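Breakdown of the fold
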Amino acid sequence: MISGERALKMIAVCAIRALLAGTASAALSPAEKRMAATVDVSQGRDIALLQKLIDQNSGTRNFEGVRAVASMMQAELEPLGFTVHWVPMPETGRAGHLLAEHRGRGKHILLIGHVDTVFEKDSPFQKMTRHGDMVEGPGVSDMKGGLVIMVSALRAMQAAGTLKGADIKIVLSGDEESAGHPVEQARADMIVAGKWADAALEFEGLAQEHGQDVGSISRRGSITWTLTTTGHTGHSAGIFGREDGFGANYELARIIDSFRRDLREPNLTYSVGIMLGGVTVTPSATTEEAVGGTAQGKANIIPGQGYATGDIRALSNDQAMRIEEKMRAIVADHLPGTGAEIGFSEGYPAMAPTEGSRALLGQLNVINRDLGLPQMGELDPMRRGAGDIAFVAPYTDGLVGTGAAGNGAHAMGETADLTSFPRQAKRAAILMTRLARQKSAKR
């Protein structure tokens, strides 16, 4: 039996919780309460949509699968009043993108996502499985869970009557995991939408720290660099001499070690993914992302060729350009008898934190208070990789990670936490509703 004193304590705790819940609920408008209730009763429908999206493979190079997932999203968006069309992208070597528009008033709201995953048709990881509140499946947190949350939020807005007046554009790329080239063409529609928008929400995975949701207003960019070195081949007895010089491998080692010592800055990382060196080197791209190769040589022959590739992740585009120039200067300072060249990919730009995006996170935290949810701190940008929202960051404020919480993105066994879906959908629905009541700064 429960003692009288313990029973009184339990009653008091329940009363306090009820009071706090009532206070939070009272801060919501009737329409916002309706949205929250709609999200809660839609969980079965949302999970069914999640299963459908995940069980359809949409690896970036599975064009048919990417188009199929886009069609599923089109079927969800059109009944909500969106005009939807598919933009094929054969000229970039990718399937294409889904664009949707809902005309209204107030701030211009851009929703960003992608329908592709890193798991291609030959991956053994193809279907969704559920284990209580955890689901496992390819792309479940990156980012098919985010697609479901986006639809759930918009459906809740429609039920409450707030979607009718909202001015929203949606861009769902079909190649976020491996962008088509040229990148400026692959992201042209997204950039146009970014110039139109007052605020952008990217529905990739929700970040968490110590079990608490965290807001994100920045993403580091990603650029791939490729380095080649050359030297005079000959008998190893002649190395360091005036005629034979230092060889390609010492030049490669000098450059890589100089990168390690001389480039360090806050919010910057630069990695060496692969190195090859020998008399001859033959890099071979097994895919556009994974590089292999062979090197041939002997212990008593000076190496004539070297090769290395890696990436740069910077918090701002200015930082990335500055690091590129430093790398070029290091490469140009050759050891005797050697040569070297470095090149850089188009890559993904950075999304630097801004006061406008910080203010948008502040609006989200007002919603957290009104929902009775904990305040969300600001995520360290070192914990976030590159993403599509960076292409629109020069033109609009933005929030990253309005999708599902999960773990293991890009790996077998990727998971998402179903308990994050309703609170993320409520946050997004209420934020879009409140933004729609504010005046746009753009025509």
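Above: the structure in question.
An account of the accompanying structure is given in this report. Predicted model only: the values in this text are computed from it and were never measured. (Residues numbered from 1 in each chain as written. Predicted model: local features only at pLDDT ≥ 70, side-chain atom pairs only at ≥ 80, totals over all residues. Heavy atoms only, no water.)

Digging into the nonpolar core
Stated formally: We call a set of buried residues a nonpolar core when its members are Ala, Val, Leu, Ile, Met, Phe, Trp, Tyr or Cys and they connect through side-chain atoms within 4.5 Å of each other. The buried label goes to any residue with under 20% of its type's maximum accessible area, the exposed label to any with over 50%, and the partly exposed label to all in between, with areas taken from a 1.4 Å probe on protein chains only. Each helix is a run of DSSP H or I of at least 4 residues and each strand a run of E of at least 2, with the numbering of both proceeding from the N terminus. In this analysis, two residues are considered to be in contact whenever any of their non-hydrogen atoms come within 4.5 Å of each other.
Core analysis: the largest hydrophobic core is formed by 67 residues, its most contacted members being F82, L111, L154, I168, I170 and M432. It is helix α5 (residues 140-160) that provides the largest number of residues to this core, a total of 12 residues. Ignoring any residue separated from it by four or fewer positions in sequence, one finds I168 in contact with F82, A100, E101, H102, I109, L111, L154, M157, L163, W196 and M432. By size, the runner-up hydrophobic cluster in this structure holds 20 residues, among which are A314, A320, M327 and A340.

Here we look at the sheet that holds strand β7 (residues 199-202)
Counted only if it meets this: Any two strands between which DSSP finds at least two bridges are classified as paired. Every angle, taken between N-to-C directions, lies between 0 and 180 degrees, and every axis is a line fitted to C-alpha atoms, over only the stretch in contact when it is a helix.
With mixed pairing, the six strands of this open sheet are ordered in space as β1-β2-β6-β3-β7-β17. Looking at the sheet topology across the chains shown, the edges are occupied by β1 (83-89) and β17 (397-400). Direction aside, the axes of adjacent strands within the sheet are offset by 15° on average. One ladder, built from seven bridges, connects β1 with strand β2 (residues 94-102); its direction is antiparallel. Following the sheet pairing, W86 is matched in β2 by L98. Of the strands in this sheet, β3 (105-114), β6 (166-173), β7 and β17 are in contact with helix α11 (residues 420-436), which crosses β3 at around 145°.

What to know about the packing of aromatic side chains
Quick reminder of the rule: Only rings of Phe, Tyr and Trp enter the pairing, Trp through its six-membered ring, and a pair is recorded when the two centres are within 6.5 Å. The plane angle decides the type: under 30 degrees is stacked, over 60 is edge-to-face, the rest tilted. Lysine NZ or arginine CZ positioned within 6 Å of the ring centre and within 35 degrees of the ring normal marks a charge as sitting over the ring.
In the structure shown here, the tally under the stated rule is five aromatic pairs. Judged by centre distance (5.7 Å) and plane angle (80°), the rings of W225 and F259 are edge-to-face. Residue W225 is found in strand β10 (residues 223-231), and its partner F259 is found in helix α8 (residues 247-262); the two are separated by 34 residues along the sequence. Each member of the pair W225 and F259 is classed as buried. Judged by centre distance (5.0 Å) and plane angle (55°), the rings of F240 and F246 are tilted. Here F240 falls in the partly exposed class, since its relative accessible area comes to 45%. Geometry around W196 places K169 over its ring, the cationic atom sitting 4.6 Å from the centre.

Points about the environment of P124
You can see P124 is positioned in the loop between β3 and β4 (129-131). For P124, a relative accessible area of 71% gives the class exposed. Spatially, the C-alpha atom of P124 lies 8.5 Å from that of M412, the residues being 288 residues apart in sequence.

Points about the packing of helix α4 (residues 63-77) against α5
Rules: Here the angle decides the label: under 35 degrees means roughly parallel, over 145 means roughly antiparallel, 65 to 115 means roughly perpendicular, and every other value means oblique. Rotating anticlockwise by less than a right angle from the far helix to the near helix defines a left-handed crossing, while the corresponding clockwise rotation defines a right-handed one. Residues are grouped as follows: nonpolar covers Ala, Val, Leu, Ile, Met, Phe, Trp, Tyr, Cys and Pro; charged covers Asp, Glu, Lys and Arg; every other residue, Gly included, is treated as polar.
Close contact between α4 and α5 brings their axes to 10 Å; oriented N to C, the two are set at 10°. The pairing of α4 with α5 is recorded here as roughly parallel in orientation. Classified by chirality, the crossing of α5 by α4 is right-handed. Of α5, the residues touching α4 (which contributes V69, M73, E76 and L77) are K144, L147, V151, L154 and R155. Residues that form the contact of α4 with α5 fall into these classes: six nonpolar, no polar and three charged.

Remarks on the pattern of salt bridges
Side-chain pairs of opposite charge can arise whenever the charged atoms involved come near each other. Selection rule: Whenever a carboxyl oxygen of Asp or Glu lies within 4 Å of a side-chain nitrogen of Lys or Arg, that contact is scored as a salt bridge.
Throughout the structure, instances matching the rule amount to 26 salt bridges. For R103, the salt bridge identified is with E101, shortest N-O distance 3.3 Å. Note that R427 and D213 form a salt bridge whose closest N and O atoms lie 2.9 Å from each other. Here R427, found in helix α11, pairs with D213, found in strand β9 (residues 212-215); they are 214 residues apart in sequence, far enough to count as distant. For the pair shown, R427 and D213 are each scored as buried. Because the salt bridges share partners, they merge into one network encompassing E32, R369, D370 and R434.

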